[in-house]
Amino acid sequence: MRDEARATVYDLLIGAASAADVIQPTEIDTLKLIPSSRNLIGATLELISQERREFRLREALAPIREQFPFILLDCPPALDLLTLNCLVAADGLLVPMQAEYFALEGISELMSTLDRVSQAFNPELTLEGVLLTMYDDRTNLSQQVTENLRAFFGEKLFTSNIPRNVRLAEAPSHGKPVALYDPRSRGAESYYALALELLQRNGMESPRAHERKKAAMLDAGPKVRFWPYSK
């Protein structure tokens with residue numbers, strides 16, 4: 001059961017807590033999170049009368065931005081004040097999209113929203129990429145939608161995609177990310193591939209690649225050879 005006594009992103013938005021106060025550790029040392037709360041339902045109404053209400057999240061996260069190479073903001077599926085706060089705080093927008101017909105219908109509205117927010121509040125906001133989720137490459141519809149999205153977005157469409165996977169559905173019920181619940185599952189491997197692609201797009205290397213490179217440099221160092229001794 002969720003502990004509502006702890007500070008959450010709701011407290012962050014209304015100014016009752018700082019980002020440092022609400023950050024929680026996880027089983028993964030390099031992964032931290034800010035928990036959500038059902039109180040967010042009323043946050044939109046509470047923020048309406050506030051000055052610079054669109055910038056509340058951006059300003060709240062400013063003190064910790066340099067501590068993390070990536071901060072992921074999970075938005076609700078609606079363009080309300082909460083989503084607007086996320087878009088104003090973000091540098092890039094990653095759009096998860098199902099390979100279905102109605103998803104294609106929303107593309108023009110999505111790009112229009114991105115342009116409006118960029119012009120009015122956040123000129124640095126760009127489209128990081130589009131990610132196909134719950135993907136089934138066995139269907140003609142999925143393949144057709146993929147082709148249409150690639151024609152529209154070009155390189156902005158991630159080559160990685162997230163398939164339908166039982167382990168992905170089970171992991172939240174165990175309170176774990178799929179990377180810990182079943183790291184060898186197809187779903188976990190797909191998210192790992194996505195993470196690598198995201199790092200490459202931003203000119204960064206993964207911790208594993210860094211460790212391999214470091215080990216290779218050590219192996220390439222000077223070596224002492226002992227030749228056979230003979231009288």
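The structure this text deals with has already been given above.
The paragraphs below set out a description of the structure included in this document.

Rules used in this analysis
- Residues numbered from 1 in each chain as written.
- Predicted model: local features only at pLDDT ≥ 70, side-chain atom pairs only at ≥ 80, totals over all residues.
- Heavy atoms only, no water.
- Helix = DSSP H or I, 4+ residues; strand = E, 2+ residues; numbered from the N terminus.
- Buried < 20%, exposed > 50% of the residue type's maximum accessible area, 1.4 Å probe, protein only.
- Contact = heavy atoms within 4.5 Å.
- Areas by Shrake-Rupley, 256 points an atom, 1.4 Å probe, with all protein chains shown as cover.
- Lys, Arg positive; Asp, Glu negative; His and termini not counted.
- Charge placed at Lys NZ, Arg CZ, Asp CG, Glu CD.
- Pairing = 2+ DSSP bridges.
- Axes fitted to C-alpha atoms, helices over the stretch in contact; angles between N-to-C directions.
- Arc of directions from axis to C-beta.
- Patch = residues over 30% accessible without salt bridge, like charges linked within 9 Å, V, L, I, M, F, W, Y side chains within 5 Å.
- Salt bridge = Lys/Arg side-chain N within 4 Å of Asp/Glu carboxyl O.
- Right-handed = clockwise from strand over helix to strand, strands pointing away.

The subject of this paragraph is the overall build of the protein. Tallying secondary structure elements over the protein gives twelve helices and five strands in all. Taking the principal axes of the C-alpha coordinates as reference, the protein spans close to 95 × 50 × 40 Å. Across the 231 residues in the protein, those meeting the buried criterion constitute 33%. Considering only contacts within the protein whose residues lie at least 6 apart along the sequence, 67% involve residues at least 24 apart. Within the structure as shown, the protein displays about 15,700 Å² of accessible surface, and the carbon and sulfur contribution to it stands at 54%. Side chains of the protein carry 26 positive and 31 negative charges; the gap between the two charge centres is 9 Å.

Moving on, we get to the sheet that holds strand S3 (residues 92-98). Backbone hydrogen bonds are what pair the strands of a sheet, in a parallel or an antiparallel way. One open sheet holds the three strands; their spatial order is S3-S4-S5, and the pairing between them is parallel. For this open sheet the edge positions go to S3 and strand S5 (157-163), each flanked by a neighbour on one side alone. Neighbour-to-neighbour, the strand axes of the sheet open up by a mean angle of 25°, direction not taken into account. For S3 and strand S4 (residues 126-135), the ladder comprises seven bridges, and the chain directions are parallel.

With that settled, the discussion passes to helix H3 (residues 40-47). Looking only at H3, the buried set comprises Leu40, Ala43, Thr44 and Leu47. Viewed along the axis of H3, the buried residues span an arc of 100°, placing them on a single side of the element. In this structure, H3 carries Ile41 and Leu45 as exposed residues pointing more than 90 degrees from its buried face. As for H3, its buried residues are in contact with helix H1 (9-14), helix H4 (56-61) and helix H5 (81-89).

The subject of this paragraph is a nonpolar patch on the surface. The grouping of Phe70, Leu72 and Met204 at the surface amounts to a nonpolar patch, some 300 Å² of accessible area in total. Looking at Leu72, the relative accessible area reads 72%, which means it is exposed.

Before going further, it helps to examine the pairing of S4. Across the ten residues of S4, seven count as buried, placing the element largely inside the fold. Sheet analysis places S4 next to S5, joined by three bridges and oriented parallel. What sits directly across from Tyr135, in S5, is Pro163. Assessed by its sense of winding, the connection that carries the chain from S4 through helix H8 (residues 140-153) to S5 is right-handed.

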